[in-house]
Amino acid sequence: MFWKDKIVFLTGASSGIGEALALEIAKRGATLGLLARREGLLKELAEKCERNGGKARYFAVDVTDANAVTNATASLRNEFGKIDILIANAGIGGNNAETRSLNAEAVAKVININLLGAVNAVSAVLPAMLKNKSGQLVAISSLAGFRGLPKSAAYSASKAGMTAFFESVRLDVQSKGVAVTIIQPGFIKTPLTSGRANKMPFLMELEDSIPLFLKAIERRKKFAAFPWQLASIVRLGRIFPAWLYDRIARRASFRE
Ligand SMILES: NC(=O)c1ccc[n+]([C@@H]2O[C@H](COP(=O)([O-])OP(=O)(O)OC[C@H]3O[C@@H](n4cnc5c(N)ncnc54)[C@H](OP(=O)(O)O)[C@@H]3O)[C@@H](O)[C@H]2O)c1
């Protein structure tokens, strides 16, 4: 019953985790505002969500365009009266030569989309949530934000920033009726992780991961990290001294 009649604004809805979440949330009777850049995919997804039993509107918007994100949330709120849940999911891996060689523009692109795009979505929905003393902000962050990872400076920084941003916001808003849920997945089979030659540890099938996202949101958990095996290793890694961490982490080749 958690999702029935909830108004959910979901960024990064056109593929992977966002698309799969939208379909499941629609099945549970929610109304969705779907945001991403590829309009054709969003249109098809909105139709599927409606066939699944939910209502859906879509917004072909770049999450880095703060005004366009604000307009999209305003349009959803005007039609349905409120937004109950934001799922800030839009993101890129930045797994290319420019980003790895720390080309400043390429690094900025990853941080703009993954971190500042999420900030745009929060600032678009939070004032009305605070006014209503009700709502939930959900960050799709990553285990990659726990500590720096090799060949992942931009992505790790964007996800560490995202986790810290949402945690800070939680401290400011939880006593005002707004919950904050930070989800930190490991590797999930989606277009973002496809095409890598090396093995990704504890890689999850997309359909196995979706119930874990839904459970974390439904329980309004402050943090959820999965799969548990990789989450445990990463949590342990956080308390390692730098010399030991370097020895183990620098050998990782899962970005290649
Ligand atoms: N897959 C994993 O292993 C994994 C693990 C941990 C965390 N995550 C996080 O989960 C989220 C979803 O990733 P995914 O694996 O589902 O990847 P994906 O299939 O590539 O989906 C990424 C989504 O983000 C959207 N997006 C990208 N740039 C955007 C922009 N500038 N404006 C608006 N939307 C934008 C894409 O839509 P358009 O291209 O149509 O705009 C797409 O819908 C990301 O934040 C990712 O970092 C993924």
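## Digging into the overall build of the protein chain
Each helix and strand in the protein chain was counted, giving nine helices and seven strands. For the protein chain, the C-alpha radius of gyration of 18 Å lies close to 18 Å, the compact-globule estimate for 256 residues. Each principal axis of the C-alpha atoms in the protein chain carries an extent, and together these give about 55 × 40 × 35 Å. Here the analysis covers contacts within the protein chain between residues at least 6 apart in sequence; of these, 71% occur between residues at least 24 apart. For the protein chain, the accessible area works out to roughly 12,200 Å², and carbon and sulfur atoms hold 53% of it.

## Description of the packing of helix α3 (residues 66–80) against helix α5 (residues 104–132)
Their axes nearest at 8 Å, the elements α3 and α5 cross at an angle of 35°. Pair α3 / α5 crosses with right-handed handedness. Residues Ala66, Val69, Thr70, Thr73 and Arg77 of α3 lie in contact with α5, whose contacting residues are Asn120, Ala121, Ala124, Val125 and Ala128. Its residues assigned to classes, the contact of α3 with α5 comprises six nonpolar, three polar and one charged.

## As for the site of the ligand
Taken together, 30 residues sit near the ligand, with Ser15, Arg37, Tyr155, Ile188 and Thr190 positioned nearest. A distance of 2.7 Å separates an oxygen atom of the ligand from a polar side-chain atom of Arg37. Taking Gly91, its main chain carries an N or O atom lying 3.4 Å from an oxygen atom of the ligand. For the shell around the ligand, the class distribution of residues is 15 nonpolar, eleven polar and four charged.

## Details of the sheet that holds strand β2 (residues 31–36)
Spatial strand order, β3-β2-β1-β4-β5-β6-β7: seven strands in an open sheet with parallel pairing. Both outer strands of the open sheet, β3 (55–60) and β7 (223–226), are each paired with one neighbouring strand and no more. Each adjacent strand pair in this sheet contributes to an overall mean axis angle of 15°, direction not counted. In the sheet, strand β1 (residues 7–11) pairs with strand β4 (residues 85–88) via three bridges, with the strands oriented parallel. Across the sheet, Leu10 pairs through a bridge with Ile87, a residue of β4.

## Things to note about the nonpolar core
Counting 36 residues, the largest nonpolar core has Phe9, Leu35, Leu86, Leu126, Leu137 and Phe166 as its most contacted members. Breaking this core down by element, the ones donating at least two residues are β1, α3, β4, α5, β5 (135–140), α6 (153–173) and β6 (178–185). Apart from residues lying up to four places away in sequence, Phe166 is in contact with Ala88, Ala118, Val122, Leu137, Val138, Ala139, Val180 and Ile182.

## Some words on the environment of Ile111
Structurally, the position occupied by Ile111 is in helix α5. Between the C-alpha atoms of Ile111 and Val122, which are eleven residues apart in sequence, the distance is 16 Å.

## A closer look at the pairing of β4
In β4, alternate side chains face the same way, and those of Ile85 and Ile87 on one face and Leu86 and Ala88 on the other are all buried. Judged from the four bridges that link them, β4 and β5 form a sheet pairing that is parallel. Along β5, the bridge assignment pairs Leu86 with Leu137.

## Here we look at the packing of helix α1 (residues 16–27) against helix α7 (residues 206–218)
Viewed as axis vectors pointing N to C, α1 and α7 meet at an angle of 65°, and their least axial separation amounts to 10 Å. In the packing of α1 onto α7, the handedness of the crossing is right-handed. Mapping the contact onto sequence places Gly16, Ile17, Ala20, Leu21, Glu24 and Ile25 in α1 and Leu206, Ile210, Phe213 and Leu214 in α7. Across the contact of α1 with α7, the residue classes break down as eight nonpolar, one polar and one charged.

## What about the pairing of β7?
Across four bridges, the pairing between β6 and β7 is parallel. Bridge pairing links Pro185 to Phe226 in β7. Considered for its hand, the β-α-β crossover made up of β6, α7 and β7 is left-handed.

Parameters and conventions
Residues numbered from 1 in each chain as written. Predicted model: local features only at pLDDT ≥ 70, side-chain atom pairs only at ≥ 80, totals over all residues. Heavy atoms only, no water. Helix = DSSP H or I, 4+ residues; strand = E, 2+ residues; numbered from the N terminus. Rg over C-alpha atoms; globule rule 2.2 N^0.38 Å. Contact = heavy atoms within 4.5 Å. Areas by Shrake-Rupley, 256 points an atom, 1.4 Å probe, with all protein chains shown as cover. Axes fitted to C-alpha atoms, helices over the stretch in contact; angles between N-to-C directions. Left-handed = near helix turned anticlockwise from the far one by under 90°. Nonpolar A, V, L, I, M, F, W, Y, C, P; charged D, E, K, R; others polar. Near = heavy atom within 4 Å. Polar contact = N/O pair within 3.5 Å; in protein donor to acceptor, adjacent residues only side chain to side chain. Pairing = 2+ DSSP bridges. Core = buried A, V, L, I, M, F, W, Y, C linked by side-chain atoms within 4.5 Å. Buried < 20%, exposed > 50% of the residue type's maximum accessible area, 1.4 Å probe, protein only. Right-handed = clockwise from strand over helix to strand, strands pointing away.

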